[in-house]
Amino acid sequence: MVTHENLLGGPPPTHLPDDPEPRELLASGTAPAEVAAKYPTSSLAWAQLADDAFAEGRVIESYAYARTGYHRGLDALRRSGWRGHGPVPFEHEPNRGFLRALHALARAAGAIGEQEEYERCTQFLRDSSPTAADTLS
């Protein structure tokens, strides 16, 4: 019998279930606010709203959108068996909405001088996915 053991001794990676509709709507050019209204649990939609607001200099709105996407992502991770730590691979596309929201939250926290939150979110992103931390930064 073959067993798949995590040789690093940590929890296995968490892979969120695919939710293609919000991703497809965003890719087709649908406004992120429309996507978030139709799919309010989509971290990806909230992360896109956060990115757009930040790019337009609306840092407080970006922070609020990012925090919403982050919490929606935490809810999804917990439903998928995540226990508060462990890998959340960026390579698994459905995880990217959460990781982008986490990055956006760190970025906005840093921009408003909330240093402790910035550091916490930056470290959480790196601990969850070094690839996401390198790709999104």
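Quick notes on the rules
- Residues numbered from 1 in each chain as written.
- Predicted model: local features only at pLDDT ≥ 70, side-chain atom pairs only at ≥ 80, totals over all residues.
- Heavy atoms only, no water.
- Helix = DSSP H or I, 4+ residues; strand = E, 2+ residues; numbered from the N terminus.
- Rg over C-alpha atoms; globule rule 2.2 N^0.38 Å.
- Buried < 20%, exposed > 50% of the residue type's maximum accessible area, 1.4 Å probe, protein only.
- Areas by Shrake-Rupley, 256 points an atom, 1.4 Å probe, with all protein chains shown as cover.
- Lys, Arg positive; Asp, Glu negative; His and termini not counted.
- Charge placed at Lys NZ, Arg CZ, Asp CG, Glu CD.
- Core = buried A, V, L, I, M, F, W, Y, C linked by side-chain atoms within 4.5 Å.
- Contact = heavy atoms within 4.5 Å.
- Salt bridge = Lys/Arg side-chain N within 4 Å of Asp/Glu carboxyl O.
- Expected span 1.5 Å × (residues − 1).
- Arc of directions from axis to C-beta.
- Phe/Tyr/Trp six-rings, centres within 6.5 Å; stacked < 30°, edge-to-face > 60°.

Per an unreviewed UniProt entry, the chain goes by the name DUF3151 family protein and belongs to Streptomyces mimosae.

Next up on the list: the overall build of the chain. Each helix and strand in the chain was counted, giving seven helices and zero strands. Of the regular secondary structure in the chain, the N- to C-terminal order runs α-α-α-α-α-α-α. Relative to the compact-globule value of 14 Å for 137 residues, the chain shows a C-alpha radius of gyration of 15 Å, a close match. Looking at the 137 residues of the chain, the share that counts as buried comes to 39%. In the form shown here, the chain has an accessible surface area of approximately 7700 Å², with 54% of it arising from carbon and sulfur atoms. One finds the centroid of the 13 positive side-chain charges in the chain at a distance of 3 Å from the centroid of its 19 negative side-chain charges.

Counting residues in hydrophobic clusters, the biggest one holds 24 residues, and the most contacted among them are Tyr-70, Leu-74, Leu-77, Phe-98, Leu-99, Leu-102 and Phe-124. If you list the elements that add at least two residues to this core, you get helix 4 (59-79), helix 5 (96-111), helix 6 (115-128) and helix 7 (130-136). A total of eight residues in this core trace back to one element, the largest contributor, which is helix 5. Filtering out sequence-adjacent residues up to four positions away, Tyr-70 remains in contact with Phe-98, Ala-101, Leu-102, Leu-105, Arg-120 and Phe-124.

Attention now moves to the pattern of salt bridges. Following the criterion strictly, the structure yields ten salt bridges and no others. Of the charged contacts in the structure, one is a salt bridge between Arg-58 and Glu-61, with a shortest N-O distance of 2.3 Å. Here the salt bridges share partners, and the residues they tie into one network are Asp-18, Arg-23 and Glu-93.

This part is about the environment of Trp-46. Residue position: Trp-46 is located in helix 3 (residues 43-55). Along the backbone, Trp-46 and Ser-62 are 16 residues apart, and their C-alpha atoms lie at a distance of 9.1 Å. For Trp-46, the contacting residues outside a window of four places in its chain are Ala-36, Pro-40, Tyr-65, Thr-68, Gly-69 and Arg-72.

Its 21 residues give helix 4 an end-to-end C-alpha distance of 30 Å, which sits within 8% of 30 Å, the value for a rise of 1.5 Å per residue. Listed in full, the buried residues belonging to helix 4 are Ser-62, Tyr-63, Ala-66, Gly-69, Tyr-70, Gly-73, Leu-74, Ala-76 and Leu-77. The buried residues of helix 4 all sit within an arc of 160° when viewed along its axis, so they share a single face. When the buried face of helix 4 is taken as reference, the exposed residues oriented beyond 90 degrees from it are Ile-60 and Arg-79. Next to the buried residues of helix 4 lie helix 3, helix 5 and helix 6. Of the residues flanking the end of helix 4, it is Gly-81, one or two places downstream, whose phi is positive at about 100°.

Structurally, Ser-43 can be placed in helix 3. Dropping the residues within four chain positions of it, Ser-43 is found in contact with Gly-69, Arg-72, Gly-73, Gly-97, Phe-98 and Ala-101.

This part covers the packing of aromatic side chains. Counted by the stated rule, this structure contains five aromatic pairs. Consider the rings of Trp-82 and Phe-124, whose centres lie 6.0 Å apart with planes at 20°: the pair is stacked. Pair noted here: Trp-82 is in the loop between helix 4 and helix 5 and Phe-124 is in helix 6, with a separation of 42 residues, a long-range link. Like Trp-82, the residue Phe-124 is buried in the burial classification. Summarising the aromatic geometry, the rings of Phe-98 and Phe-124 are spaced 5.9 Å apart at their centres and angled 65° between planes, so their arrangement reads as edge-to-face. Of the two residues, Phe-98 is situated in helix 5 and Phe-124 in helix 6; the sequence distance between them amounts to 26 residues. For Phe-98, a relative accessible area of 1% corresponds to the buried category.

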